[in-house]
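# Commentary on secondary and tertiary structure
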Amino acid sequence: MLASGVCHSDLHVRDGEWDRPTPIVMGHEGAGIVEAVGPGVESPRVGEMVALAWLIPCGVCRSCRRGRTWECPDSPSYRHTLLDGETAFRGVRSYCAIATMAEASVVPADAAIPLPEGVDPGAAALIGCCVTTGVGAVMKTAAVPAGSTVAVIGLGGVGLSCVMGAVVAGASRIVAIDRVPAKLDAARGVGATDTLLADGDATSTVAALRDMTDGGPDFVFEAIGRPSTVELAIAALPVGGTAVLVGMTPVGERAAFEVYPFVDGARRIIGSNYGSAEPAIDFPRYAGWVLDGRLPVDSLIDRRIGLDDVEDAFQQMREGRFVRQVIEF
Ligand SMILES: NC(=O)c1ccc[n+]([C@@H]2O[C@H](COP(=O)([O-])OP(=O)(O)OC[C@H]3O[C@@H](n4cnc5c(N)ncnc54)[C@H](O)[C@@H]3O)[C@@H](O)[C@H]2O)c1
Ligand SMILES: [Zn+2]
Ligand SMILES: [Zn+2]
């Protein structure tokens, strides 16, 4: 392993907000060099740099048969073992079958996607989760048309990747929203046209957002995973607007919205899992955009740490500090 990002999904598990089998080696946003391959494996090859995909399709379920592999509910990744049900670390599970918070890992061959040469290992790691999740939510799940107005609520690695995706999609206005002022600067740095500090009540945030976007943004991306901000995303929609839910709440949480105006105004809510990713196609494509400067992923990495610092990294994340902390090996 060369690098592993620290994603809020790791923190959800760490803090018991999602129930996962233990003991488990965490981490699902990583890149490394292939040291050895199993019998019959043609790709990747030994020596290649790969980014790791955290969702390997089962290949047989209804979603997989339709080619919508990012929806696969039966993915072996959700069992946190290798494909044969064995564990790579002697009885200890591998989060999403890849366990990137480790110096070395054993992963399914299909999870290891070779990248073009020249990509920084930290950026390669981020392609494994937050970049693919955010850019894909905008460009694939929602397929935002050029000229649309977009708002992004929550500016961690996932939300800033939504901002970058909105730039590539040709959005006319991109309003970036967070409660931490430094995150607004980071968003401007990757192409947000406007920013909004969400330090007041939701009503005033919605009113300010409507003012900035001629009555409300065509698309609102929620990239936090709190019922209050999910409700904010839906409340801010203009007639015909779409809320795209990317952030993931603790299991069991509910959100509410007023039904009549939602239906009357033909509004929509979409859930986006893994940015509708087809990793073998999308990872090299996004890597190409990193290399030609269209996706300034390097600028998301604002702290490089060692594996021993991971508990501190989680605490920083709880407090809303840093965009993306990356463990380097
Ligand atoms: N849908 C998917 O496939 C997918 C994939 C990866 C991550 N996620 C989820 O996306 C979410 C974001 O992940 P991340 O790693 O970017 O998280 P992060 O913790 O780095 O970023 C969250 C941001 O939200 C801000 N924030 C928190 N509460 C706020 C509030 N009330 N108002 C305004 N801003 C607020 C924080 O300041 C921070 O900047 C998580 O829930 C994660 O589990 C989903
Ligand atoms: Zn993640
Ligand atoms: Zn499947």
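Refer to the preceding data block for the structure.
Now for a quick tour of the structure. Predicted, not measured: the structure shown is a model, and the values here were computed from it.

## Brief notes about the overall build of the protein
Within the protein, the regular secondary structure consists of eleven helices and 14 strands. Computed over its C-alpha atoms, the radius of gyration of the protein comes to 19 Å, within 12% of the 20 Å expected for a compact globule of 329 residues. Based on the C-alpha atoms only, the size of the protein along its principal axes is roughly 60 × 40 × 35 Å. Sequence separation of at least 24 residues holds for 66% of the intrachain contacts in the protein that already meet a minimum separation of 6. Surface summary for the protein: the accessible area is close to 14,100 Å², and the carbon and sulfur share equals 51%.

## Considering the sheet that holds strand β1 (residues 3-5)
The strand order β6-β4-β3-β1-β14-β13 describes an open sheet built from six strands, whose pairing is mixed. At either end of the open sheet lies a strand with only one pairing partner, and these are β6 (112-114) and β13 (301-305). For this sheet, the mean angle separating the axes of adjacent strands, direction not counted, is 25°. Pairing geometry for strand β3 (residues 30-33) and strand β4 (residues 49-52), over three bridges, is antiparallel. Bridged to Ile33 within β4 is Met49. Helix α11 (residues 310-318) rests against β13 and β14 (324-328) of the sheet, and its axis sits at about 175° to β14.

## Considerations on the coordination of the zinc ion (ligand 3)
On the protein side, the zinc ion (ligand 3) has Cys58 (SG), Cys61 (SG), Cys64 (SG) and Cys72 (SG) as donor atoms, found 2.3 to 2.4 Å from it. Around the zinc ion (ligand 3), the four donor atoms are arranged such that angles at the metal cover 104 to 115°; this shape is classified as tetrahedral. One chain supplies every donor for the zinc ion (ligand 3), spaced along it as C-x2-C-x2-C-x7-C. Residue Cys61 is classed as buried on the basis of its relative accessible area of 8%. Using a relative accessible area of 10% as the deciding quantity, one classes Cys64 as buried.

## Details of the coordination of the zinc ion (ligand 2)
Under perfect tetrahedral coordination by four donors, a metal shows angles of 109.5 degrees; under perfect octahedral coordination by six donors, it shows angles of 90 or 180 degrees. Around the zinc ion (ligand 2), the donor atoms from the protein are Cys7 (SG), His28 (NE2) and Cys129 (SG), and they sit 2.0 to 2.3 Å away. Here the donor residues of the zinc ion (ligand 2) are spaced in sequence according to C-x20-H-x100-C. Taken together, the positions of Cys7 in the loop between β1 and α1 (8-14) and His28 in the loop between β2 (24-25) and β3 put the pair 21 residues apart, joining distant regions of the chain. For the pair shown, Cys7 and His28 are each scored as buried.

## Things to note about the packing of helix α4 (residues 130-141) against helix α5 (residues 157-169)
Contact geometry for α4 and α5: axes closest at 7 Å, N-to-C directions at 45°. Considering the angle they form, α4 stands oblique to α5. Between α4 and α5 the crossing geometry is right-handed. Contact residues: α4 offers Cys130, Val131, Thr133, Gly134, Val135, Val138 and Met139, while α5 offers Gly157, Val158, Ser161, Cys162, Gly165, Ala166, Val168 and Ala169. Its residues placed into classes, the contact of α4 with α5 shows ten nonpolar, five polar and no charged.

## Points about the pairing of strand β9 (residues 194-197)
As defined by bridge partners, strand β8 (residues 173-178) adjoins β9 across four bridges and the pair is classed as parallel. When the bridges of β9 are listed, Ile177 appears paired with Leu196. What joins β8 to β9 is helix α6 (residues 181-189), and the crossover it makes is right-handed.

## Quick notes on the site of ligand 1
Residues in contact with ligand 1 amount to 28 residues; listed here are only the nearest, His8, Asp178, Ile224, Tyr274 and Arg324. Between Ile224 and ligand 1, the recorded distance is 2.8 Å, taken from a backbone N or O atom to an oxygen atom. Here a nitrogen atom of ligand 1 sits 2.9 Å away from a polar atom, N or O, in the main chain of Val246. Coverage of ligand 1 by the protein amounts to 93% of the 870 Å² it exposes when considered alone. Contributing elements (two or more residues each) for the shell around ligand 1: α1 and α5. Broken down by element, the shell around ligand 1 gets its largest block of residues, three residues, from α1. Taken together, the residues of the shell around ligand 1 sort by class into 13 nonpolar, eleven polar and four charged.

## Regarding helix α10 (residues 279-291)
Quick reminder: α-helices carry 3.6 residues per turn. Residues three or four places apart thus point the same way. Spanning 13 residues, α10 covers 17 Å between terminal C-alpha atoms, matching the ideal 18 Å at 1.5 Å per step. Where α10 is concerned, the buried positions are Pro279, Asp282, Phe283, Tyr286, Ala287, Trp289 and Val290. The buried residues of α10 occupy one face: seen down the axis, they fall within an arc of 160°. Along α10, exposed side chains directed more than 90 degrees from the buried face belong to Ala280 and Ile281. Considering only its buried residues, α10 is in contact with β4, β6, α3 (121-128), α4 and α5. Positive backbone phi, approximately 90°, marks Gly293, located one or two places after α10.

Rules used throughout
Residues numbered from 1 in each chain as written. Chains lettered and ligands numbered in written order. Predicted model: local features only at pLDDT ≥ 70, side-chain atom pairs only at ≥ 80, totals over all residues. Heavy atoms only, no water. Helix = DSSP H or I, 4+ residues; strand = E, 2+ residues; numbered from the N terminus. Rg over C-alpha atoms; globule rule 2.2 N^0.38 Å. Contact = heavy atoms within 4.5 Å. Areas by Shrake-Rupley, 256 points an atom, 1.4 Å probe, with all protein chains shown as cover. Pairing = 2+ DSSP bridges. Axes fitted to C-alpha atoms, helices over the stretch in contact; angles between N-to-C directions. Donors = N, O, S within 2.8 Å, 3.2 Å for Na, K, Ca; no water. Tetrahedral: all angles 85-135°; square planar, octahedral: opposite > 155°, others 65-115°. Buried < 20%, exposed > 50% of the residue type's maximum accessible area, 1.4 Å probe, protein only. Parallel < 35°, antiparallel > 145°, perpendicular 65-115°, else oblique. Left-handed = near helix turned anticlockwise from the far one by under 90°. Nonpolar A, V, L, I, M, F, W, Y, C, P; charged D, E, K, R; others polar. Right-handed = clockwise from strand over helix to strand, strands pointing away. Near = heavy atom within 4 Å. Polar contact = N/O pair within 3.5 Å; in protein donor to acceptor, adjacent residues only side chain to side chain. Expected span 1.5 Å × (residues − 1). Arc of directions from axis to C-beta.

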